[in-house]
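Given next are the chains, with one letter for each unit.
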Amino acid sequence: MGKGDRGEFVRDIQKDLIKAGYSLPNYGADAIFGSETERAVMRFQRDYHLAVDGLVGQQTLGQLKEVTNSSKASNDFPLPNGILQKGDEGAEVKQVQRALKRLNFDPRYIDGIYGSLTEDAVSRFQSMFSALENDGIYGPNTKRFMEMELEDL
């Protein structure tokens, strides 16, 4: 599926893109696969390390379903326990990255690698709350505040 396609399936894809955090500010879920939808698909593909072609094929559709099925409120963004910091890798880092993106502290990539971009996003989030140490390290206190913010969305 790609540019020029229309219909309910396109609308469903658009709704899923919006739910996954890829806004369609000009046209929304209008059931028309235009340039805005194509750009959102390409950003999604880039963020999830898929082939960036702007087309919604099996891989893109599968990843989009996985992301939207795991994203409703704070339950949709389960956050790991423990401490994560620069140099850590894995599924738990991806969970933190997804939550940061949902909270508009975009770490740029949801790749499971706690690098300087993720550290910066955590630090920017922490700077919003005087009760948090602004150190870029994800721990129990940062988790509590992230869950509180996710519940308000």
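Overview of the structure. What you see is a predicted model; the values in this text were computed from it and never measured.

Rules behind the numbers
- Residues numbered from 1 in each chain as written.
- Predicted model: local features only at pLDDT ≥ 70, side-chain atom pairs only at ≥ 80, totals over all residues.
- Heavy atoms only, no water.
- Core = buried A, V, L, I, M, F, W, Y, C linked by side-chain atoms within 4.5 Å.
- Buried < 20%, exposed > 50% of the residue type's maximum accessible area, 1.4 Å probe, protein only.
- Helix = DSSP H or I, 4+ residues; strand = E, 2+ residues; numbered from the N terminus.
- Contact = heavy atoms within 4.5 Å.
- Phe/Tyr/Trp six-rings, centres within 6.5 Å; stacked < 30°, edge-to-face > 60°.
- Lys NZ or Arg CZ within 6 Å of the ring centre and 35° of its normal.

### A look at the nonpolar core
- In this structure, Val-96, Leu-100, Phe-125, Tyr-138 and Met-146 are the most contacted members of the largest nonpolar core, which totals 19 residues.
- Listed by contribution, the elements that provide at least two residues to this core are α4 (91-102), α5 (116-126) and α6 (140-151).
- Counting residues per element, this core draws most heavily on α4, which supplies 4 residues.
- The contacts of Met-146, once residues within four sequence positions are left out, are Leu-79, Val-96, Ala-99, Leu-100, Leu-103, Phe-125 and Tyr-138.
- Counting 17 residues, the second largest nonpolar core, distinct from the first, contains Val-10, Leu-17, Ala-20 and Val-67.

### Structural notes on the environment of Val-56
- The residue Val-56 is located in the loop between α2 (35-47) and α3 (58-69) in this model.
- The class of Val-56 is buried, set by a relative accessible area of 8%.
- In this structure Val-56 touches Met-1, Ile-13, Phe-33, Val-41 and Leu-61, once residues within four positions along its chain are discounted.

### A look at the side chain of Thr-37
- The topology assignment puts Thr-37 in helix α2.
- Under the relative-accessibility criterion, Thr-37 is labelled buried at 3%.
- Excluding residues within four positions of it along the chain, Thr-37 makes contact with Gln-14, Leu-17, Leu-24 and Ile-32.

### Some details on the packing of aromatic side chains
- Under the criterion given, the structure shown has 5 aromatic pairs.
- Taken together, a centroid distance of 4.6 Å and an interplanar angle of 35° make the contact between Phe-44 and Tyr-48 tilted.
- We classify Phe-44 as buried; its relative accessible area is 0%.
- Overall, the relative accessible area of 9% leaves Tyr-48 in the buried class.
- Measuring from centroid to centroid gives 4.8 Å for Phe-129 and Phe-145, while their planes differ by 45°, and the two rings are tilted. One end of the pair, Phe-129, is in the loop between α5 and α6; the other, Phe-145, is in helix α6, with 16 residues separating them in the sequence. For the pair shown, Phe-129 and Phe-145 are each scored as buried.
- One aromatic cluster in this structure is built from Phe-105, Phe-125, Phe-129 and Phe-145.
- Sitting above the plane of the Tyr-22 ring, Lys-101 keeps its charged end 4.7 Å from the centroid.

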